[in-house]
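Structural characterization, general
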Amino acid sequence: MTPGTADRPLMPIEDFADLAEVAPNTVVVYSEPKDGRYQQAAAHPLGTPVELPAPVGFTLDTEELKDYAD
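What comes next is a walk through the structure. Please read all numbers here as calculations on a predicted model, not as lab measurements.

What about the overall build of the protein?
Scanning the protein from terminus to terminus reveals zero helices and four strands. Counting from the amino terminus, helix and strand elements in the protein follow one another as β-β-β-β. Buried positions account for 20% of the 70 residues belonging to the protein. Of the contacts made within the protein by residues no fewer than 6 positions apart, 29% connect residues no fewer than 24 positions apart. For the protein, the accessible surface area stands at approximately 5100 Å², while carbon and sulfur atoms represent 54% of it.

Side note on the pairing of strand 2 (residues 37-45)
Here eight bridges tie strand 1 (residues 26-34) to strand 2, and the two strands are oriented antiparallel to one another. Paired with Thr 26 across the bridge in strand 2 is Pro 45.

Side note on the side chain of Thr 62
On the secondary structure map, Thr 62 appears in the segment after strand 4 (58-61). If we skip the residues at most four places from it in the chain, Thr 62 touches Val 27, Pro 45, Leu 46, Gly 47, Thr 48 and Val 50.

Structural notes on the nonpolar core
Counting residues in hydrophobic clusters, the biggest one holds five residues: Val 27, Val 29, Leu 46, Val 50 and Leu 52. Among the secondary structure elements, those contributing two or more residues to this core are strand 1 and strand 3 (49-52). Every residue in contact with Val 27, bar those within four places of it in the chain, is listed here: Ala 42, Ala 43, His 44, Leu 46, Val 50, Thr 62 and Leu 65.

A closer look at the environment of Leu 60
Take Leu 60: it is sitting in strand 4. Taking the C-alpha atoms as reference points, Leu 60 and Thr 48, 12 residues apart in sequence, are found 8.6 Å from one another. Residues contacting Leu 60, with those up to four places away along its chain left out, are Thr 48, Pro 49, Val 50 and Leu 52.

Here is what the cut-offs are and how they apply
- Residues numbered from 1 in each chain as written.
- Predicted model: local features only at pLDDT ≥ 70, side-chain atom pairs only at ≥ 80, totals over all residues.
- Heavy atoms only, no water.
- Helix = DSSP H or I, 4+ residues; strand = E, 2+ residues; numbered from the N terminus.
- Buried < 20%, exposed > 50% of the residue type's maximum accessible area, 1.4 Å probe, protein only.
- Contact = heavy atoms within 4.5 Å.
- Areas by Shrake-Rupley, 256 points an atom, 1.4 Å probe, with all protein chains shown as cover.
- Pairing = 2+ DSSP bridges.
- Core = buried A, V, L, I, M, F, W, Y, C linked by side-chain atoms within 4.5 Å.

The structure is reproduced here in structure tokens:
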């Protein structure tokens, strides 16, 4: 988990795009919200399948996201 991850407030999914500057070429899944903060963060390289936890509950194929990375 990167420093400050647990301190990130809960945010709508559209705001996750802003996190690209924090971890380029990486997808970070924040999960286990508690008391307005995420308890877990899992980083995955772009191009790998990413399991999104409940309530989303599906596998995100991040291969096509590589087209949008610098």
